[in-house]
Amino acid sequence: MAGWKRGALGILILFAFTQATGVLFQSFVFEVERGSTEHFIKEESRSLSPYRGNWIPLLILPSAFLVVVNIYLLLFRSRLLVRLLKYLVYGMAILSLVVVTQILGAVLLAILITMGLSVPVAPFEYALLIASLFLPPALLVAGRYVVLVKNALGISLCALVGTSVAGYFSSATILALLGVLSLFDYYFVVRSRKIVRIAEAMEAHQIPFALSVRYTEPEPRPMEMEAQLGFGDLILATGLAVALYIDRDAGSALLAISATTTALGLFLALAHRGGDVKPYPAMPAIFLGGLVGYLGGILLAIR
């Protein structure tokens, strides 16, 4: 398998896993609420905003996107603000990893108990809590498994933020936002290259901004390369999958995950034709995949 194909495959696996983690987290929230209320109705869950069907965000968020892009460019002129941003991102990511680890641990415990194994629950949960809270910073400071740790933090952060997005916006609104922001993504990556400059600045200051997979490109001479996918793409894709799980069912969420992953894979294949490794906007491909998944869910419901 060619080097870039390994990088692309790694990105696709991380992309699908992030969305699946978001859906798993939302299902866990629903189970908790189901257990705490005598008459549970998913659409009226306390974890969801009563304004999920409102289309006003579609008018506000694209403008906010423009403002945020320019604010980021100004922010990197101040060392103090850059340092605060770095601590904020790492803090949120570590807390997200703690939450995701606890949920995955609860699922593992349930499986072990179902298999008839006796597991001390409290020590197991405390061990996971301590490991997820202190191990990532220790590994980063020591410079060990840096890419693995950053990917774990990025997956956790994007899964939880994406789930929060789905709690505030319906699947139709998120899909429409993906469509509008895809145009902005293309312009700011390919034309003005502002997003590229932001990514380069964040990488220079070691601020997490993307999932990454390293690979070796053998031709024309062996060279270490890195495939990346930004957090913004991951958050909206995860938000769409989780919103479809909320609005419809797990099958619709799985269909969206499959469609967006397939579309992203086709995009990566086209982007690397002829050995081209320039930055490209991934959001248009994710939007097209999300649209296929969204419409496919409607067709399945009709049948």
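Scroll up a little and you will see the structure.
This structure is a prediction, so every number in the text was calculated from the model and none was measured.

Asker: Break down the pattern of salt bridges for me, with residues and values.
Answerer: Counted by the stated rule, this structure contains one salt bridge. Here Arg 214 and Glu 226 are joined by a salt bridge, their closest N and O atoms 3.9 Å apart. Of the two residues, Arg 214 is situated in strand 1 (residues 210-217) and Glu 226 in strand 2 (residues 223-230); the sequence distance between them amounts to twelve residues.

Asker: Can you tell me about the packing of helix 2 (residues 57-75) against helix 6 (residues 171-191), naming the residues and giving the values?
Answerer: Where helix 2 meets helix 6, the closest approach of the two axes is 10 Å, and the angle between their N-to-C directions is 25 degrees. By the criterion of interaxial angle, the relationship of helix 2 to helix 6 is roughly parallel. Like other packed secondary-structure pairs, helix 2 and helix 6 cross with a definite hand, here right-handed. Packed against helix 2, whose contacting residues are Pro 57, Leu 58, Leu 61, Pro 62, Phe 65, Leu 66 and Val 69, the element helix 6 presents Ala 176, Leu 177, Val 180, Leu 181, Phe 184 and Phe 188 at the interface.

Asker: Tell me what's going on with the environment of Ser 156, and back it up with residues and numbers.
Answerer: Within the fold, Ser 156 resides in helix 5 (residues 146-168). Measuring from C-alpha to C-alpha, the distance between Ser 156 and Met 92 comes to 9.4 Å, with 64 residues separating the pair along the chain. If we skip the residues at most four places from it in the chain, Ser 156 touches Ala 93, Ser 96, Leu 97 and Val 100.

Asker: Could you give an account of the packing of aromatic side chains, with specific residues and numbers?
Answerer: Enumeration over the complete set of coordinates arrives at four aromatic pairs. Pairing Phe 65 with Phe 184 gives two aromatic rings, centres 6.0 Å apart and planes at 50 degrees, and the pair type is tilted. Separated by 119 residues along the polypeptide, Phe 65 in helix 2 and Phe 184 in helix 6 bring together distant segments of the chain. Plain terms: the ring middles of Tyr 187 and Phe 188 are 5.2 Å apart, the flat faces sit at 75 degrees to each other, and that makes the pair edge-to-face. Three or more aromatic residues link up through ring pairs in this structure, and these residues are Phe 65, Phe 184, Tyr 187 and Phe 188.

Asker: How would you summarise the side chain of Ser 132 if you had to cite specific residues and measurements?
Answerer: For Ser 132, the location among the structural elements is in helix 4 (residues 121-142). At 2.8 Å, the side chain of Ser 132 forms a polar contact with the backbone oxygen of Leu 128. With residues up to four places along the chain from it excluded, the contact list for Ser 132 reads Ile 94, Leu 97, Val 98 and Thr 101.

The rules behind these values
For every chain, the first residue of its written sequence is number 1, and the numbers climb from 1 along that sequence. Only residues with pLDDT of at least 70 are given local features in this predicted model, and only at 80 or more are side-chain atom pairs given and counted; all residues enter the totals for whole chains, interfaces and linings. Values shown for side chains rest on all heavy atoms present in the structure; no hydrogens or waters enter the calculation. We count a salt bridge whenever a side-chain nitrogen from Lys or Arg sits within 4 Å of a carboxyl oxygen from Asp or Glu. Secondary structure elements follow DSSP: runs of H or I of four or more residues count as helices, runs of E of two or more count as strands, with numbering from the N terminus. To get an axis, fit a line to the C-alpha atoms, keeping to the stretch in contact for a helix; angles then go from 0 to 180 degrees between the N-to-C directions. Oblique is the label for any angle not under 35 degrees, not over 145, and not in the 65 to 115 range, which are roughly parallel, roughly antiparallel and roughly perpendicular in turn. Two helices crossing with the near one rotated counterclockwise from the far one by less than a right angle form a left-handed crossing, whereas a clockwise rotation gives a right-handed crossing. What makes two residues a contact is simply this: any of their non-hydrogen atoms within 4.5 Å. To pair, rings of Phe, Tyr and Trp, with the six-membered ring standing in for Trp, must have centres within 6.5 Å; the planes then decide the type, stacked if under 30 degrees apart, edge-to-face if over 60, and tilted in the middle. N or O atoms closer than or at 3.5 Å make up a polar contact, with two conditions inside protein: a donor-capable atom paired with an acceptor-capable one, and, for residues adjacent in sequence, both atoms drawn from side chains.

Everything listed here is a matter of geometry and, on its own, says nothing about what the molecule does.
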